[in-house]
Amino acid sequence: ANAFLTYLHTSIPAPSTPWSPAWRADTTLATDTQLTGSDYALVGGRWIEGYRAFTVGKKDANGRTQAALYDCDTKTATMATNDSVTHDEMWVVKAADANNTNNYLLYALNKSTTPWNILVYKRNDSNIFGLWTVADTILNPDPSSYPYLLSPEPFLCNGRTFISFQISADSTQSSNS
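To keep things clear, this report deals only with the structure shown in the data block. Think of each chain on its own: its residues are numbered from 1, step by step along the sequence as written. A pLDDT threshold of at least 70 governs which residues receive local features in this predicted model, and a stricter bar of 80 or more applies before side-chain atom pairs are shown or counted, although totals over entire chains, interfaces and linings include all residues. Excluded from the side-chain calculation are hydrogens and water; included are all heavy atoms of the structure.

## Regarding the overall build of the protein chain
For clarity, the threshold we go by: Each helix corresponds to a stretch of at least 4 residues labelled H or I by DSSP, and each strand to a stretch of at least 2 residues labelled E; elements are numbered beginning at the N terminus. For the exposure calls, accessible area comes from a 1.4 Å probe over protein chains only, and a residue counts as buried if that area is under 20% of its type's maximum, exposed if over 50%, partly exposed in between. Residue contacts are counted whenever heavy atoms from the two residues lie within 4.5 Å of one another. Note on areas: Shrake-Rupley, 1.4 Å probe, and residue coverage restricted to the protein chains presented here.
Of regular secondary structure, the protein chain possesses zero helices and 13 strands. A buried classification covers 38% of the 177 residues belonging to the protein chain. Within the protein chain, counting contacts between residues at least 6 apart in sequence, those at least 24 apart form 36% of the total. Just so you have it, the protein chain exposes about 9300 Å², and 50% of that area is on carbon and sulfur atoms.

Shown next as structure tokens:
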């Protein structure tokens, strides 16, 4: 079966952490697979093109959310980052303009400092599972007025990789930005 979708799963009655990442292999409820464990964070959940895998947040030994890649076939999550920041909004995208045999880039929103920024990671081999290296940082264009970057979404256009995002005066997206 092909992997179908990722979503946040809730249990009724709700446990102490009522939401957890989950995925479904097809359109039937019978294929629901919930990721269990207190080390998963409620971020990520984006499919990786060409793989039966998706991004997921996973807590490290210090309680920081790192980017991890969840393999639907092995049912394991492999840490992709291991740095001293808290990650959110993770994407792994096939990048047409990558300059090595690995045509994938990992984008992760860094919420450890204000203003927030986006870290761009790369792999130096063709295996997406394993630790990635920071290749670049996308800085906030107006950090004094709008310190928060929200909803980053990478996309391909004319053979180049771009990223769009919203800037905001508050971290909850409730203000005009």
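Having seen the structure, we can now continue with the description.
## Some points on unusual backbone geometry
A cis geometry characterises the amide bond from T114 onward to P115, with omega recorded as 10°. Topologically, P115 is positioned in the loop between β9 (104–110) and β10 (117–122).

## Topic: the nonpolar core
For the record, the criterion: We call a set of buried Ala, Val, Leu, Ile, Met, Phe, Trp, Tyr and Cys residues a nonpolar core when their side-chain atoms join them within 4.5 Å.
Core analysis: the biggest nonpolar cluster contains 18 residues, and I48, L69, V92, L106, I128 and W132 have the highest contact counts within it. Every element with two or more residues in this core is listed here: β4 (40–47), β6 (65–71), β8 (87–94), β9 and β10. Tallying contributions element by element places β9 first for this core, with three residues. When residues no more than four places from it in sequence are discounted, the contact partners of I48 are A53, F54, T55, L69, V92, Y104 and I128.

Purely spatial values, then, with no claim about function.
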